Amino acid sequence: MSERRRPVPRPAQRDAGAQRLRLAAARPRLRLVSVGLTLVMLVFTVRLLQVQAVDASEFSDKAKLNRYVPIELAAERGRITDRDGTLLATNVDAYDITADPLLFTPEQSGTKDAPKRAAEKLAPVLGKDAAELEKKLAAPKSRYVRLARQQTPQTWKHIKKMKEKTTYLAGVFAEEQAKRVYPNGDLAAGMLGWVNAEGKGGGGVEGTLNKTLSGKDGKLVYAQSAGRRIPTAGSREVPPEPGDDVELTIDRDIQWAAQDALSQQVKKSNAERGYVVVQDTRTGQILALANAPGFDPNDISGSRSDALGNAALTDVYEPGSVNKVISMSAVLEEGAAVPSTHVTVPNTLQRADRVFHDDVDHPTWYLTLNGVLAKSSNIGTILATEQLGDSQPEANQVLHSYLRKFGLGAETGLGLPESPGLLAKPKDWNASQQYTIPFGQGLSLNAVQAASVYSTIANGGIRVQPSLIRGSKGPDGHFTESGEPKQRRVVSEKTAKTVSKMLESVVDDEEGTGVLARMPGYRAAGKTGTSNRVDPDTGRYNGYTASFAGFAPADKPRVTVYCAVQDPKKGSYFGGQVCGPVYKKVMEFALKTLQVPPTGAKPPRLPVTFEPGEKSEKSGKKR
């Protein structure tokens, strides 16, 4: 059977009236898309130009603000040593605990009350008030606050452990610092001073030479993230410049001996305070500068406020009879008398509107000028100094010139804070002062000034300005010596040697007032002082100032020691009994420490008294 063919369909016939379908044109749409993309790219380009060019510095600063942390690098404070290099003030490792307040904001810490919670955690560790710490941490405009200074390494180690367990402590940091320490406790504290909570010197050498000792701080800027330093990020550092070491003229051992002897005597006498100055007679260098009571510069919080200063320089008082050495020097230098000149001393002396007495009632004394000094007669001193001029005003003028030349009424030049004392001009001396100033009342001085007077006599009449700083050593190890002290001749060598022999009578003669200052094997020259004391609170006389000043060996002077004790209330108040033993202890120790041998020479025996009717030896006046 043949296959059947299927019919092939024919295309349908289009209606003549039907419309033909066509695709829309693509080009307009592409133009529209292109315009849109161009606008978007233009916006991005403009913004990019704004960020990179116009606002680049602003965004850069913001980035740095959030990323970089600036910290101070404290310079290491210079050390203070004695003349032999023994440390008196040095440094140990410590940390300043700091914080970045920005990291305690809710946005950065993720904790709403991060400052409060962190403060409560840190307060007992740092020994600070929690409210105070919270106030510092809640200052987001600041990037740096110091929470506590000079904390121990153990304290920082404890805080680091807390940071590992507590996220809101991430903004707490530590800066390596150096804590000031004084290895000898209260030794020479008044002279050394201390370093306050701000790291600046307060009082004494620490305060006066703060700039030299403190050096120059540096700065470090480093990158951080989440409270941690990024070690791979760049940092900028300006290293600190260490301070210079300062070497003093004092000897630590002599300083200890002076402070120990003085402290014992102040306690024994139930006195208000006292001072001891030890000076090298040849160079003017201070070997010891002791105050009692003192304080511990390692912790001044528990110290008496009136004990924090350097009273040996800042206290001024009427010196009493130790000042008679100036009157006698003036009388001898002016040729008004010689040591053997006779001075008849009555029990009382009427001058101006006052009646003057000696320390003890006595019959008429027949003393030599040497005896006047040995027995410390006020009346005899008045009679001797009246010979300095043809009139009392002229005598006053001459005596005043010697007081000034010996350094009274002016600062010592030691370089530390001090009070120069009071010395009125002769025309201003009242009726009382023109007779009391010769025996040490009616004027005032400090302890270093008093010591310098005796060093001047010991040095052959040449005053060498007292000094305390030997020099300084920079970070490079170079030592720079202090300048030479000023010198000036005050009296002739002959006068100085004569006065020295007269001062030996005070100690060596049985009638002298300084017998308790004798030292076996050594010749000592000295003078006692017992003066009425002006109460600093009332401005009236109340109590006494006991003092002793001298040098040894008398025939070859090397060391001057001056002691003063204010208002001794127990036992004797006389200078010979209170300060004579202190002088002896300190002087013996100093001579042995400096290896000064006895000279072996015998002391002179200048006459102390004369027989009535005996002819007096006088010398011609220079006037």
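Everything numeric here is computed off the predicted structure, so don't read it as measured data.

Quick notes on the rules
- Residues numbered from 1 in each chain as written.
- Predicted model: local features only at pLDDT ≥ 70, side-chain atom pairs only at ≥ 80, totals over all residues.
- Heavy atoms only, no water.
- Patch = residues over 30% accessible without salt bridge, like charges linked within 9 Å, V, L, I, M, F, W, Y side chains within 5 Å.
- Areas by Shrake-Rupley, 256 points an atom, 1.4 Å probe, with all protein chains shown as cover.
- Salt bridge = Lys/Arg side-chain N within 4 Å of Asp/Glu carboxyl O.
- Lys, Arg positive; Asp, Glu negative; His and termini not counted.
- Charge placed at Lys NZ, Arg CZ, Asp CG, Glu CD.
- Helix = DSSP H or I, 4+ residues; strand = E, 2+ residues; numbered from the N terminus.
- Buried < 20%, exposed > 50% of the residue type's maximum accessible area, 1.4 Å probe, protein only.
- Expected span 1.5 Å × (residues − 1).
- Contact = heavy atoms within 4.5 Å.
- Pairing = 2+ DSSP bridges.
- Axes fitted to C-alpha atoms, helices over the stretch in contact; angles between N-to-C directions.
- Parallel < 35°, antiparallel > 145°, perpendicular 65-115°, else oblique.
- Left-handed = near helix turned anticlockwise from the far one by under 90°.
- Nonpolar A, V, L, I, M, F, W, Y, C, P; charged D, E, K, R; others polar.

Together, Arg 117, Lys 121, Lys 157, Lys 160, Lys 161 and Lys 165 make up a region of like positive charge exposed at the surface. Sorting the residues of the positive patch by element identifies helix 4 (114-126) and helix 6 (153-165) as the ones contributing at least two each. Sort the elements by how many residues they give to the positive patch and helix 6 lands first, with 4 residues. Position of Lys 157 among the secondary structure elements: in helix 6. For Lys 157, a relative accessible area of 53% corresponds to the exposed category.

The end-to-end C-alpha distance of helix 18 (residues 493-508) is 22 Å, a good match for the 22 Å that 16 residues give at a rise of 1.5 Å each. Listed as buried for helix 18 are Thr 495, Ala 496, Val 499, Ser 500, Met 502, Leu 503, Glu 504, Ser 505, Val 506 and Val 507. Structurally, helix 18 contributes buried residues whose contacts are with helix 12 (324-333), helix 13 (369-374), helix 17 (447-458), strand 22 (525-534) and strand 23 (541-552).

Attention now moves to the sheet that holds strand 23. A sheet is described by the order of its strands in space; here 5 strands give the open sequence 13-12-24-23-22, paired in antiparallel fashion. The two strands at the open ends of the sheet, each matched to only one other strand, are strand 13 (286-292) and strand 22. Taken pair by pair, the neighbouring strands of this sheet meet at an average axis angle of 10°, ignoring direction. Bridge count for strand 12 (residues 273-280) against strand 24 (residues 559-566) is 8 bridges, and the pairing is antiparallel. Looking at strand 24, one finds that Tyr 275 is bridged to Ala 564. Its contacts with the sheet put helix 20 (residues 580-593) on strand 12, strand 22, strand 23 and strand 24, and the angle it makes with strand 23 is roughly 30°.

Direction vectors running N to C along helix 12 and helix 14 (residues 378-385) enclose 30°, while the axes themselves pass 10 Å from each other. Comparing the axis directions of helix 12 and helix 14 gives the class roughly parallel. Here the hand of the crossing between helix 12 and helix 14 comes out left-handed. Contacts between helix 12 and helix 14 involve Lys 324, Ser 327, Met 328 and Val 331 on the former and, on the latter, Asn 378, Thr 381, Ala 384 and Thr 385. Its residues assigned to classes, the contact of helix 12 with helix 14 comprises 3 nonpolar, 4 polar and 1 charged.

A separate point is a nonpolar patch on the surface. A cluster of nonpolar side chains, contributed by Val 35, Leu 39 and Leu 42, occupies part of the molecular surface with about 280 Å² of accessible area. Turning to its location among the elements, Val 35 is positioned in helix 1 (residues 27-54). The class for Val 35 is partly exposed, based on a relative accessible area of 47%.

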